[in-house]
Amino acid sequence: MVQVEQRAASAEDLLQALISTRARTLALVAELGDEQLSRVVDPLLSPLIWDLGHIARFEQRWLLEDGAEGQDDTYDPFAHTRAQRSGLSLPTRDECIERMSAVRELVIGRFEQNDPAVIELVIQHEQQHNETMLQLLRQLEGYRPPTALLEQAALSALEPRKGLRAAAARAYRPGARREDWIAFPAGEYRIGAGLGESFAHDNEFGAHSHPIAAFEIAVQPVTAGQYADWIAAGGYEDRTAWSVLGWSWLAAQGQSFSGAPDGWQLEGDTWMHSGFGPLRPVDLSAPVCHINWFEADAFARAHDARLPTEFEWEVGASYDPRVGAAGTARSHPWGDTEWSPGTANLDQLAFGTLPVGSLDQGYGPVDMLGQVWEWTASEFAPYPGFAPFAYVDYSAPFFNAGYRVLRGGSWATRARSVSNHFRNWDRPQRRQLFSGLRLARDIVGFGPA
Ligand code: AVJ
Ligand code: FE
């Protein structure tokens, strides 16, 4: 087994995380039957039962076997596209859950024999599939947050603390040139995860110095209200705002396309949506969600701005005015400590976005972690010195293949599996993920401090 030198959690913490991660996976589907678990809801997403079987298969492969794919390719994501997976012979709900527990029992039996970093990979893999499952659950007719999870949410301190965050942002903006932006001088910034820090995926290593020209980044993500204003102003008809590929994506959408984020529909002059609850007005004060890269890019251009590069985004998230712009190594916007419910809208239990800046998260831009994934200008590509870690197909097959990087996690991301250096990626036309944007701009003539 590959050994990677990184600070691993204690055995006790890993065991606890395996158990609580499984509890969450099962809680999400607790109220669903065989028909819903095997239903094709969106050709871009696997039937839920495939995700469940794949979670168990992945755990078996990495923690019970030697990491080889094995004979049966039912749960090999490269062997069957998501659209094809409903045609596979998949288990019933009971069979699948039985299989998941059988694997888990064996894993616990030989817990000490595995590399902690690989156990962490397995935990994070299951958590990542939770988010994919939530992408489907949003679209599953009649799905509501399970009672047990709502009770858990009520117990946690996930209470929006409106106003507090915005005040903090105002108090700490030494580099800011304007109310709504935070400026960074040109310089060499530290990007990526270093060995000896907390867990990171292969594509986040290693920490390296990256030259960045002067830029400014928006204090908050673009809200649904700002996006609705752009739609009303004719954003989807204004060809000049769109990239060539974006405009052809738009032209290829059928007559029924509403010219709005995925799931939005007009009722009178109110934008409504329905995931995880009844049809209700979109919260205009929350970040816009379910837009693709083309839409994010067009919105930015229409506002005399652009998407940040993933490096600018990482600098913005790590910003600490107390140490200046160079102090950009922090793992989370609030510091190097773990997430807790008041720090960011992560970990799923909000079952949606909150008004921007509701939670007290750090010193710089608000809502960098949680709420919505933020599209960046960057294509997914390896960092200098990239080496695949353990799961060779985690990142490498997706490099330089037209995927765009998203940063920061969404409300549907488990807190353990995201940080300032975490990199997600998807195709520029995809809208099923919990994705929005934040603006950035060049600054001319703002040199090293
Ligand atoms: C990192 C979210 C892009 O879902 O394709 C899950 C995560 N990799 N199983 C994906 C993943 C293998 C991956 N993303
Ligand atoms: Fe997977």
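What comes next concerns the included structure. Given the structure is predicted, the values throughout are model-derived calculations rather than measurements. (Residues numbered from 1 in each chain as written. Chains lettered and ligands numbered in written order. Predicted model: local features only at pLDDT ≥ 70, side-chain atom pairs only at ≥ 80, totals over all residues. Heavy atoms only, no water.)

This part covers the overall build of the chain. Helix and strand counts for the chain come out as 11 helices and 12 strands. The burial tally for the chain puts 56% of its 449 residues in the buried class. Long-range contacts, defined here as pairs at least 24 residues apart, represent 78% of the contacts in the chain between residues at least 6 apart. Of the roughly 18600 Å² of accessible surface on the chain, 52% is carried by carbon and sulfur atoms. (Helix = DSSP H or I, 4+ residues; strand = E, 2+ residues; numbered from the N terminus. Buried < 20%, exposed > 50% of the residue type's maximum accessible area, 1.4 Å probe, protein only. Contact = heavy atoms within 4.5 Å. Areas by Shrake-Rupley, 256 points an atom, 1.4 Å probe, with all protein chains shown as cover.)

The pairing of strand β5 (residues 265-267) with strand β6 (residues 270-273) spans 3 bridges and is classified as antiparallel. Across the sheet, Leu266 pairs through a bridge with Trp271, a residue of β6. Sheet topology places β6 next to strand β7 (residues 280-281); 2 bridges connect them, and they run antiparallel. Across the sheet, residue Met272 finds its bridge partner in β7, namely Pro281. The turn joining β6 and β7, which pair antiparallel and follow one another in sequence, is formed by 6 residues; a positive phi near 65° is taken by Phe276. (Pairing = 2+ DSSP bridges.)

Before going further, it helps to spend a moment on helix α8 (residues 224-232). Taken together, the buried positions of α8 are Ala224, Gly225, Tyr227, Ala228, Trp230 and Ile231. Of the surrounding secondary structure, the elements contacted by the buried residues of α8 are β6 and α10 (293-302). After α8 finishes, the residue Gly234 shows a positive phi value of roughly 90°.

On to the sheet that holds strand β1 (residues 181-184), then. Taken in spatial order, the 3 strands line up as β1-β4-β12 in an open sheet, and their pairing is antiparallel. Strands at the two margins of the open sheet, each flanked by one partner only, are β1 and β12 (440-442). Strand-to-strand, the axes of this sheet are offset by a mean angle of 20°, without reference to chain direction. Along the sheet face, helix α11 (residues 310-318) touches β1, β4 (215-218) and β12 and points at about 70° away from the line of β4. (Axes fitted to C-alpha atoms, helices over the stretch in contact; angles between N-to-C directions.)

Let us look at the side chain of Asn130. Mapped onto the elements, Asn130 comes out in helix α5 (residues 116-139). For Asn130, a relative accessible area of 0% gives the class buried. At 3.0 Å, the side chain of Asn130 forms a polar contact with the side chain of Thr25. Setting aside its immediate chain neighbours within four residues, Asn130 contacts Arg24, Thr25, Leu28, Gln348 and Arg414. (Polar contact = N/O pair within 3.5 Å; in protein donor to acceptor, adjacent residues only side chain to side chain.)

This part takes up the packing of α8 against α10. The geometry of α8 relative to α10 is characterised by a closest axis approach of 11 Å and an angle of 80° between their N-to-C directions. What the angle tells us is that α8 and α10 run roughly perpendicular. Of the residues in α10, those touching α8 at Gln226, Tyr227 and Trp230 are Glu295, Ala298, Phe299 and Ala302. Here the contact of α8 with α10 is composed, by residue class, of 5 nonpolar, 1 polar and 1 charged. (Parallel < 35°, antiparallel > 145°, perpendicular 65-115°, else oblique. Nonpolar A, V, L, I, M, F, W, Y, C, P; charged D, E, K, R; others polar.)

Moving on, we get to the site of ligand 1. Neighbouring ligand 1 are the residues Arg82, His125, Gln128, His129, Tyr394, Asn424 and Trp425. In the environment of ligand 1, a nitrogen atom lies 3.1 Å from a nitrogen or oxygen atom belonging to the side chain of His125. The set of elements that each furnish at least two residues to the shell around ligand 1 consists of α5 and β10 (424-426). Per element, the largest residue contribution to the shell around ligand 1 is 3 residues, and it comes from α5. (Near = heavy atom within 4 Å.)

A few words on the pairing of strand β3 (residues 208-212). Residues His208, His210 and Ile212 line the buried face of β3, whereas the alternating positions Ser209 and Pro211 sit on a face that is not buried. Note: strand β2 (residues 187-191) against β3, 5 bridges, orientation antiparallel. Bridge pairing in β3 places Ile191 opposite His208.

Further remarks concern the coordination of the iron ion (ligand 2). Protein-derived ligands of the iron ion (ligand 2) are His54 (NE2), His125 (NE2) and His129 (NE2), with the metal-ligand distances lying across 2.1 Å. Its 4 donor atoms give the iron ion (ligand 2) angles of 90 to 170° at the centre, a pattern that matches the irregular case. Counting residues between consecutive donors of the iron ion (ligand 2) along the chain gives the motif H-x70-H-x3-H. Of this pair, His54 sits in helix α3 (residues 48-63) while His129 sits in helix α5, and the two are 75 residues apart along the sequence. Owing to a relative accessible area of 4%, His54 belongs among the buried residues under this scheme. (Donors = N, O, S within 2.8 Å, 3.2 Å for Na, K, Ca; no water. Tetrahedral: all angles 85-135°; square planar, octahedral: opposite > 155°, others 65-115°.)

What follows deals with a negative patch on the surface. Together, Asp34, Asp94, Glu95 and Glu98 give the surface a local cluster of negative charge. Counting residues per element, the negative patch draws most heavily on helix α4 (residues 93-109), which supplies 3 residues. Mapped onto the secondary structure, Asp34 falls in helix α2 (residues 34-38). Asp34 sits in the partly exposed class, given a relative accessible area of 41%. (Patch = residues over 30% accessible without salt bridge, like charges linked within 9 Å, V, L, I, M, F, W, Y side chains within 5 Å. Salt bridge = Lys/Arg side-chain N within 4 Å of Asp/Glu carboxyl O. Lys, Arg positive; Asp, Glu negative; His and termini not counted. Charge placed at Lys NZ, Arg CZ, Asp CG, Glu CD.)

Before going further, it helps to examine the packing of aromatic side chains. Tallied over the full model, the rule gives 35 aromatic pairs. For the ring pair Tyr227 and Tyr236, a centre distance of 6.4 Å and an interplane angle of 75° mean the geometry is edge-to-face. Here the aromatic residues Tyr227, Trp230, Tyr236, Trp242, Trp247, Trp249, Phe257, Trp264, Trp271, Trp293, Phe294 and Phe299 are joined through ring pairs into a cluster of three or more. Residue placement shows Arg404 over the ring face of Trp293; its charged tip is 4.0 Å from the ring centre. The side chain of Arg427 reaches across the aromatic face of Tyr403, ending 4.1 Å from its centre. (Phe/Tyr/Trp six-rings, centres within 6.5 Å; stacked < 30°, edge-to-face > 60°. Lys NZ or Arg CZ within 6 Å of the ring centre and 35° of its normal.)

Geometric values such as these leave the question of function open.
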